[in-house]
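These are the residues of each chain, in order.
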Amino acid sequence: MLKIENISKTFFPGTINEKVALHNLSLHLLPGDFVTVIGGNGAGKSTLLNSVAGVFLVDSGRILINDVDVTKLAEHKRAKYIGRVFQDPMLGTAAGMMIEENLALAMRRGEKPGLKFMLGGEQQNKFREMLAELDLGLEDRLSAKVGLLSGGQRQALTLLMATMKKPELLLLDEHTAALDPKTAEKVLNLTNKIVSRDNLTTLMITHNMRDALRFGNRLIMMNNGQVVVDVKGEEKSRLQIKDLLELFEKAAGSEFASDSVLLG
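Report on the accompanying structure.

Quick notes on the rules
- Residues numbered from 1 in each chain as written.
- Predicted model: local features only at pLDDT ≥ 70, side-chain atom pairs only at ≥ 80, totals over all residues.
- Heavy atoms only, no water.
- Pairing = 2+ DSSP bridges.
- Helix = DSSP H or I, 4+ residues; strand = E, 2+ residues; numbered from the N terminus.
- Axes fitted to C-alpha atoms, helices over the stretch in contact; angles between N-to-C directions.
- Contact = heavy atoms within 4.5 Å.

Sheet topology note: the strand β1 (residues 2-11)/strand β4 (residues 60-65) ladder contains 5 bridges and is antiparallel. When the bridges of β4 are listed, Ser8 appears paired with Ser60. Where β4 meets strand β5 (residues 68-69), 2 bridges bridge the pair, whose relative direction is antiparallel. Paired with Leu64 across the strands is Asp69, a residue of β5.

Encoded structure:
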């Protein structure tokens, strides 16, 4: 489903600020894989996600989504393949528009732009059904401006919008990091429900090792722009945090240390 072949990315090459963010990285995801990604500051996690999303182009290598080579496609041209939820709840939605208008836009993701923008009763009923599954009371607030929602409500709405059309690939960029623990747990459980129900191929960056172990069928840990740990299936389900740290130390040749990563 997702094939990343020997990609590299260097920022500010040839300057004093040169930074190798990705180094000859390869990663293949099978259809339905739910992969959690963890690593310290500067490991390359966000660069990996942004490279796949098309925020910037890689220096070398290839990226294929469902056998379509998207390596040189601009971000907006990859939108029909990708759903994405950002760390900041303010991103991913239009604050000045109503909930139903945001959902209508999400339903037309990847389609050619046009002037037609009508919300019929049948479509509104469908939106209410979708929102009711979030269990946040939003099904009765279709006309509410998104900017009035709480961070958790907005992030749940963004998740719904990103998955409405069942994207080829779902990218989750630390999408619960800005939420309080209780709300984060609710959004994570909702994420797991949607991904499992729709069998979505998913790449989720997290700063929490416990969450990385709890969710998904596969876990990768990055260091210095490379994948240094890759575990899946039963092997992943048996891992404890201490086991994961030992795997990292064995693969990277150093202890794992980062203030940005939570161990539990």
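Our focus in this paragraph is the sheet that holds strand β10 (residues 226-232). Spatially, the 6 strands line up as an open sheet ordered β6-β7-β8-β3-β9-β10, and their pairing is mixed. Two strands close off the open sheet at either side, each with one partner strand: β6 (82-85) and β10. Direction aside, the axes of adjacent strands within the sheet are offset by 20° on average. Sheet topology places β6 next to strand β7 (residues 169-173); 4 bridges connect them, and they run parallel. Opposite Val85, over in β7, you have Leu172 as the bridge partner. With respect to the sheet, helix α1 (residues 45-53) is in contact with β3 (34-39), β6, β7, β8 (202-205) and β9 (218-223), its orientation differing from that of β7 by roughly 145°. Here helix α5 (residues 181-198) sits on the sheet and contacts β3, β7 and β8; the angle it forms with β3, its principal contact strand, is near 140°.

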